[in-house]
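# What the coordinates show
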Amino acid sequence: MSGFLLGGLYALIGIGMTLILGVMKIINLTHGQLMMVAMYAAFWLFTLFGIDPYLSLLIVPPLLFVFGMGLQKYLVNPVLRVESILPHNQVILTVGIGMVLQNLATLFFTSDYRSIPVEYASTVWYLTDLWNDAPVELSFSLPWVVSFVLSVVITVMLWFFLAKTDTGKSIRATAQDRDAAMLMGVHVGWMRVITFGLGSALVAAAGCLFIPIYYLFPALGSQFTLIAFVITILGGLGSTIGAILGGLLLGVFESMTATYVGMGWAPAGRFVVFVAALVFLPGGVASLLKRRKLGK
């Protein structure tokens, strides 16, 4: 159950990177640093104004949406238009942006570990059941449950946006076939800007959901960039459904590893999942879904 709750939050992180990859065809390696910026924003909103981290979902993701649009329009787009001997120079740019954000956070906020002392941080729900006259007790951390439920709500809202709105359909069309979308009158350049902003907003929402649970420090972004990358590979490049399943699988795998092997082995488990996905399932979970659909 802990792995499932963790996986729900991981899925929200992976969806943001997957959206950017699907539309722009690049891996955004500043994804975790954007989440770190959002966590610092939620932290200071609580520290200075007493705004609960969950209420900061109404403030921080819109700010990161605008910030992400600015990054795409004024930094990434010019690089995309320049021919270079490096075929993936835009990926290198995202690495540079991430390094700048991390070092600025270290400069302004130092490397100290920070946390939000919310009253419900240590609240636990207990469920007790009887099976063969033996009591079985399950415990659920309130912040984990609330964060998971909110991540599900955000994911459903994202699905509605992509499936039912004209802008969402234009984003999907751009991801499927950019040239065909342009012929149908879709402003592909604007869809790229919106998608980068949307991916930034999603990972910002994940940051607001993580801040009551995790300690915050500037280097935290690199850890979550790796997690998002593993989820994207595990789920299948560009597949939002695959990202959701990949996040759940990674969360369960990490929790099982921490429980039965050791806490220190959980990060190493990510590399095991990453290598196993590349070797045995290069198309990710999405390829299995496609095979099943074709089989029907």
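Keep in mind the model is a prediction, meaning the values are calculated, not measured.

## Here we look at the overall build of the protein chain
Summing up its helical and strand segments, the protein chain has 12 helices and 2 strands in all. Ordering the α and β elements of the protein chain from the N terminus gives α-α-α-α-β-β-α-α-α-α-α-α-α-α. The globule rule puts the C-alpha radius of gyration for 296 residues at 19 Å, and the 20 Å found for the protein chain is close to it. Projecting the C-alpha coordinates of the protein chain onto the three principal axes gives extents of approximately 65 × 55 × 35 Å.

## Considering the nonpolar core
Counting 72 residues, the largest nonpolar core has Y10, I13, F210, L216 and F224 as its most contacted members. In this structure, F210 is in contact with L6, L9, Y10, I13, M35, M39, W144 and F224, ignoring residues within four places of it in sequence.

## What about the environment of I231?
Tracing the sequence through the fold places I231 in helix 9 (residues 220-235). Taking C-alpha positions, I231 is 17 Å from F210, a pair spaced 21 residues apart along the chain. In contact with I231, not counting residues within four places along its chain, are Y10, G14, A243, G246, G247 and L250.

## Focus on helix 6 (residues 166-176)
Those residues of helix 6 not exposed but buried are G168, S170, I171 and T174. Projection of helix 6 onto a plane perpendicular to its axis shows the buried side chains occupying an angular sector of 160°, all on one side. More than 90 degrees from the buried face of helix 6, the exposed residues found are D166 and Q176. Residues of helix 6 that are buried in the fold lie against helix 1 (2-24), helix 5 (142-164), helix 7 (178-183) and helix 8 (188-210).

## Re the environment of Y54
Within the element layout of this structure, Y54 appears in the loop between helix 2 (31-49) and helix 3 (60-81). Residue classification places Y54 among the buried residues on the basis of a relative accessible area of 13%. With 182 residues separating them along the chain, Y54 and G236 place their C-alpha atoms 30 Å apart. When neighbours within four sequence positions are excluded, Y54 is seen to be in contact with Y120, P143, V146, S147, L150, L209 and P212. At a separation of 3.1 Å, a polar atom in the side chain of Y54 contacts the main-chain carbonyl oxygen of P143. Within the local environment of Y54, its side chain forms a polar contact with the side chain of S147, the two groups lying 3.0 Å apart.

## A word on the layout of surface pockets
The space that makes up the largest pocket amounts to roughly 750 Å³. R172, G238, S239, T240 and I241 are, among the 26 residues lining the largest pocket, the residues nearest its centre. For the lining of the largest pocket, a count of residues per class yields 14 nonpolar, 9 polar and 3 charged.

## Side note on a nonpolar patch on the surface
A cluster of nonpolar side chains, F4, V252, M256, Y260, V261 and W265, forms an exposed patch at the surface whose accessible area comes to about 670 Å². At 3 residues, the largest contribution of residues to the nonpolar patch is made by helix 10 (residues 240-260). Tracing the backbone through its elements, the reader meets Y260 in helix 10.

## Looking at helix 10
For helix 10, with 21 residues, the first-to-last C-alpha span of 30 Å sits near the 30 Å given by 1.5 Å per residue. All of the buried residues in helix 10 are G242, A243, G246, G247, L248, L250, G251, E254, S255, T257 and A258. Those residues of helix 10 hidden inside the fold are in contact with helix 1, helix 9 and helix 11 (266-280). The backbone nitrogen of G242 has a side-chain oxygen 3.0 Å away, supplied by the residue at the start of helix 10, namely S239. Immediately beyond the C-terminal end of helix 10, within one or two residues, lies G262, with a positive phi of roughly 155°.

## Some thoughts on the packing of helix 3 against helix 8
Between helix 3 and helix 8, the least distance of the axes is 7 Å, while the angle of their chain directions is 140°. In terms of their interaxial angle, helix 3 and helix 8 are classed as oblique. In the crossing of helix 3 with helix 8, the sense of the turn from one axis to the other is right-handed. Here V60, P61, L64, F65, G68, M69, L71, Q72, K73, N77 and L80 of helix 3 lie close against helix 8, whose contacting residues are W190, R192, V193, I194, F196, G197, L198, S200, A201, A204, A205 and C208.

What counts, and where the lines are drawn
Residues numbered from 1 in each chain as written. Predicted model: local features only at pLDDT ≥ 70, side-chain atom pairs only at ≥ 80, totals over all residues. Heavy atoms only, no water. Helix = DSSP H or I, 4+ residues; strand = E, 2+ residues; numbered from the N terminus. Rg over C-alpha atoms; globule rule 2.2 N^0.38 Å. Core = buried A, V, L, I, M, F, W, Y, C linked by side-chain atoms within 4.5 Å. Buried < 20%, exposed > 50% of the residue type's maximum accessible area, 1.4 Å probe, protein only. Contact = heavy atoms within 4.5 Å. Arc of directions from axis to C-beta. Polar contact = N/O pair within 3.5 Å; in protein donor to acceptor, adjacent residues only side chain to side chain. 1 Å grid on protein atoms, 1.4 Å probe; cavity = no way out; pocket = protein on both sides within 12 Å on 5 of 7 lines; lining within 4 Å. Points joined across faces, edges and corners; volume = space filled by probe spheres on them. Nonpolar A, V, L, I, M, F, W, Y, C, P; charged D, E, K, R; others polar. Patch = residues over 30% accessible without salt bridge, like charges linked within 9 Å, V, L, I, M, F, W, Y side chains within 5 Å. Areas by Shrake-Rupley, 256 points an atom, 1.4 Å probe, with all protein chains shown as cover. Salt bridge = Lys/Arg side-chain N within 4 Å of Asp/Glu carboxyl O. Expected span 1.5 Å × (residues − 1). Axes fitted to C-alpha atoms, helices over the stretch in contact; angles between N-to-C directions. Parallel < 35°, antiparallel > 145°, perpendicular 65-115°, else oblique. Left-handed = near helix turned anticlockwise from the far one by under 90°.

By themselves, these observations are geometric and do not establish any function.
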